[in-house]
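Each chain, letter by letter, is given below.
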Amino acid sequence: MDLRIFTEPQQGATYDTLLTVAKATEDLGFDAFFRSDHYLRMGSVDGLPGPTDAWITLAGLARETKRIRLGTLMTAGTFRLPGVLAIQVAQVDQMSSGRVELGLGAGWFEEEHKAYGIPFPKEKFARLEEQLEIVTGLWATEAGKSFDFHGKFYDLTESPALPKPAQAKVPVLIGGHGAVRTPRLAARYADEFNIPFASVEDTERQFGRVRAAAEEAGRGADALTYSNALVACVGKDDADVARRAAVIGREVEELKANGLAGSPAEVVEKIGRYAEAGAQRIYLQILDLDDLDHLELISSQVQSQLS
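Notes on the structure in this doc start here. (Residues numbered from 1 in each chain as written. Predicted model: local features only at pLDDT ≥ 70, side-chain atom pairs only at ≥ 80, totals over all residues. Heavy atoms only, no water.)

**Points about the overall build of the protein**
- The number of helices and strands found in the protein is 11 helices and 12 strands.
- Expected size for 307 residues packed as a compact globule is a radius of gyration near 19 Å; at 19 Å, the protein falls within 12% of this value.
- Taken over the C-alpha atoms alone, the protein extends approximately 60 × 45 × 35 Å along its principal axes.
- Looking at the 307 residues of the protein, the share that counts as buried comes to 54%.
- Sequence-distant contacts, at least 24 apart, represent 72% of the contacts inside the protein between residues at least 6 apart. (Helix = DSSP H or I, 4+ residues; strand = E, 2+ residues; numbered from the N terminus. Rg over C-alpha atoms; globule rule 2.2 N^0.38 Å. Buried < 20%, exposed > 50% of the residue type's maximum accessible area, 1.4 Å probe, protein only. Contact = heavy atoms within 4.5 Å.)

**Here's the deal with the pairing of strand S7 (residues 155-159)**
- In this sheet, S7 lies alongside strand S6 (residues 147-150) in antiparallel orientation, the contact comprising three bridges. Note that in S7 the partner of histidine 150 across the bridge is aspartate 155.
- Connecting S6 to the next strand, S7, in antiparallel fashion are four residues. (Pairing = 2+ DSSP bridges.)

**What about the side chain of asparagine 194?**
- The residue asparagine 194 is located in strand S9 (residues 192-196) in this model.
- Its relative accessible area of 2% is what places asparagine 194 among the buried residues.
- At 2.9 Å, the side chain of asparagine 194 forms a polar contact with the side chain of serine 227.
- For asparagine 194, the contacting residues outside a window of four places in its chain are Leu73, Met74, Ile174, Gly175, Gly176, Ser227, Asn228, Ala229 and Tyr283. (Polar contact = N/O pair within 3.5 Å; in protein donor to acceptor, adjacent residues only side chain to side chain.)

**Some words on the packing of aromatic side chains**
- Under the defined criterion, the tally for this structure stands at six aromatic pairs.
- Note on phenylalanine 193 and phenylalanine 207: the rings are 6.4 Å apart at their centroids and 80 degrees apart in plane angle, and the pair reads as edge-to-face. With phenylalanine 193 in strand S9 and phenylalanine 207 in helix H7 (residues 200-216), this pair connects stretches of sequence that are 14 residues apart. Assigned by exposure class, phenylalanine 193 and phenylalanine 207 land together as buried.
- Through successive ring pairs, a cluster of aromatic residues spans Tyr39, Phe79 and Tyr116.
- Sitting over the ring of phenylalanine 125, arginine 181 keeps its end group 4.2 Å from the ring centre. (Phe/Tyr/Trp six-rings, centres within 6.5 Å; stacked < 30°, edge-to-face > 60°. Lys NZ or Arg CZ within 6 Å of the ring centre and 35° of its normal.)

This is how it looks when you write it as structure tokens:
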């Protein structure tokens, strides 16, 4: 079971804070550092000092880390033109010597679009499908050849399809709870399918849909990696768990029901249940980015039992 660290910087974090967490992620033996792609806080937090851009952040981290994978859950398709995104991701992959992964979603948070003047189209899912075809098509085009695409939303003519990523294939993540279109899209384009903030039962059900879609598409269900994203709140004892829950404004029982919360033993047991449902990787949503002791505890007493 791979454990990855997943952050939500729109809730309030500087680049320096993210760098500190990313370096701790690397030093403590976690597999990867991922971040959300949002420009507006959610909930009652003030969001200070303001948002940071996902791919600018990852470009910086690419030069200041050595081992961990770097990526997004999920890049918002509404924020970037697909041709530009292909260039950005390829460049960051080069800067990291081939450690980047692209999570790409349709975009959903209308308020942040209004706040920063970003168009919020109605047909987001159909756009996402074209974006995936374009981004993966540009990367797959042989050097010296050109890429053309003529769709409903995007039109590319004689693109040189450059630059190329350092990796022969940048892993693409697709996720969500949709019962029909999401599994079909994952079966066609994804190297990894991620379901965020889902119960064990819902996880098993959605993984089953994706596996069936992959078989139908002729890829085989095991061609994809299956993962969860879950909030983490781990403590050495009940008081420690309660303290960490209070800092992030959550209730312990709610966190235990909907995430990975409690003692290391409780969390290991629940991770085991997700593994039985088909999860091979878990993104631990860390909401208090100043609490590096939390990461150390998870590394020494949870991750150590899973490896």
